[in-house]
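# Tertiary structure, described
Listed below are the residues making up each chain.
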Amino acid sequence: MPKIKKSGLPDTLAMRHDHHFVDLISTRATGPRTRLIPLDKIDPNPHQPRCSLGDIEELAASIQAKGVLEPILVRPRHDRYEIIAGERRFVASKKAGLKEIPAIEMNVKDSEALELALIENLQRKDLDVFEEADGLSALVDIYGYNHAQLAEKIGKARSTITEMINVSRIPKKLRDLCASFDITSRSTLIEIAKLENPEDMEKLINEIGMRGLRREDTRELSKRLKGKSKSSKPYIFSYAPKSNDRYHLRIEFRKHQVSKEEIIAVLEEIIENLRSKA
């Protein structure tokens, strides 16, 4: 009996598209076309949700070795094409020396293009916390999604969507302050965003950065700033010499009141420990 030739992917392989995004594409356009398009006929998306494309080198090396494994999304613009989603693949392909790239061509309006770009980036987890928060906020403000609809489209809990949209409230100045302290944790940023005004947010960010607070400590301090905690603030001993700026000594005690003698005893204990390890 002659062998039947099978088409398509082998049984052991599967496409790795997020099913929500595939469903979304199918509802936005009838029969999107996939084909190779010259890179010099494609323009970047002026409304790219990502603030930074990150490290392109590794992706370029992968594309050079294996090619582009997932098509980018484009839409026709006059006699050229504009990227809807996939700008990192586009830039990396150029760097890898490719002349053309596989692309899915979709005929969509400006608003739909931005909507697709936001959702694709959110589903691929290509955004940092602030980019994700701003993207979700834009989908609510511009396109009228409610939190339940976003939760279903992106595959996250509704409470998570609400918390992330709240992060978009953090002003640019305070985002920069977070970056200076390397505060990038989602849970920490969510706690900061729970505060009502920027002044309290700034206080919490400075405390987190200067004291290296853990998640539980951050949550407790956030409650105190909101007036929801009756516990007293831990005692902090801080010392910086006026003659130079070589160091800044800061000790946080578990107790709420500490005497001068206790501080001296702790400093002597630290010195003794350092000497014993020399």
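All values reported here derive from a predicted model rather than from experimental measurement. Numbering of residues starts from 1 in each chain and follows the order in which that chain's sequence is written. Reporting of local features is limited, given that this is a predicted model, to residues whose pLDDT is at least 70; pairs of side-chain atoms are given and counted only at 80 or more, and all residues count toward the totals for whole chains, interfaces and linings. Values shown for side chains rest on all heavy atoms present in the structure; no hydrogens or waters enter the calculation.

## Examining the side chain of glutamate 105
Selection criterion: Comment: elements are numbered from the N terminus, with helices defined as DSSP H or I runs of at least four residues and strands as E runs of at least two. Exposure classes here rest on a 1.4 Å probe applied to the protein chains alone. A residue is buried below 20% of its type maximum, exposed above 50%, and partly exposed in between.
With respect to the helices and strands, glutamate 105 occurs in strand S5 (residues 100-105). With a relative accessible area of 13%, glutamate 105 lands in the buried category.

## Some details on the pattern of salt bridges
Operational definition: Here a salt bridge means any side-chain nitrogen of Lys or Arg lying within 4 Å of a carboxyl oxygen belonging to Asp or Glu.
In this structure the tally under the stated criterion is 12 salt bridges. Glutamate 105 is the partner of arginine 35 in a salt bridge, and the nearest nitrogen-oxygen pair spans 3.3 Å. Of this pair, arginine 35 sits in strand S1 (residues 33-38) while glutamate 105 sits in strand S5, and the two are 70 residues apart along the sequence. Residues lysine 172 and aspartate 176 are paired through a salt bridge, measuring 2.9 Å at the closest nitrogen-oxygen approach. Placement of both lysine 172 and aspartate 176 in helix H8 (residues 172-180) is noted, with a separation of 4 residues, approximately one turn of the helix.

## Side note on the packing of helix H6 (residues 147-154) against helix H7 (residues 158-167)
Put simply, the rule is: Lines fitted to C-alpha atoms define the axes, with helix axes restricted to the stretch in contact, and inter-axis angles between N-to-C directions lie between 0 and 180 degrees. Reported orientations rely on four angle classes, namely roughly parallel under 35 degrees, roughly antiparallel over 145, roughly perpendicular from 65 to 115, and oblique for the rest. It only takes one pair of heavy atoms within 4.5 Å for two residues to be counted as in contact. Think of it as three bins: nonpolar holds Ala, Val, Leu, Ile, Met, Phe, Trp, Tyr, Cys and Pro, charged holds Asp, Glu, Lys and Arg, and polar takes everything else, Gly as well.
Orientation of H6 relative to H7, taken along the N-to-C sense of each, is 110°, at an axis distance of 8 Å. Our classification of the angle between H6 and H7 gives roughly perpendicular. Each of His147, Ala148, Leu150 and Ala151 in H6 lies in contact with H7, whose residues at this interface are Arg158, Ile161, Thr162 and Ile165. Here the residues of the contact of H6 with H7 sort into 5 nonpolar, 2 polar and 1 charged.

## Focus: the nonpolar core
Short version of the rule: Definition used in this section: a nonpolar core is a set of buried Ala, Val, Leu, Ile, Met, Phe, Trp, Tyr and Cys residues joined via side-chain atoms within 4.5 Å.
The biggest cluster of nonpolar side chains holds 35 residues, and the ones touching the most others in it are Leu136, Leu150, Val167, Ile170 and Ile192. Taken together, the elements giving at least two residues each to this core come down to helix H4 (110-124), helix H5 (129-143), H6, H7, H8, helix H9 (186-193) and helix H10 (198-211). The element contributing the most residues to this core is H5, with 6 residues. With residues near it in sequence (within four places) discarded, leucine 136 still touches Leu122, Leu150, Ile154, Ile161, Met164 and Ile165. Listed in part, the 16 residues of the second largest apolar core include Ile37, Ile83, Ala92 and Ala103.

## Remarks on the sheet that holds S5
Put simply, the rule is: When DSSP finds at least two bridges between two strands, those strands are taken to pair.
Here we have 5 strands laid out as an open sheet, ordered S1-S5-S3-S4-S2, and mixed in their pairing. The sheet is open, and its two edges are formed by S1 and strand S2 (42-43), each paired on a single side. Judged from the 3 bridges that link them, strand S3 (residues 72-77) and S5 form a sheet pairing that is parallel. Residue pairing across strands places leucine 73 opposite isoleucine 104, the latter belonging to S5. Packing of helix H3 (residues 87-95) onto the sheet brings it into contact with S2, S3, strand S4 (80-85) and S5, and relative to S4 it is tilted by some 125°.

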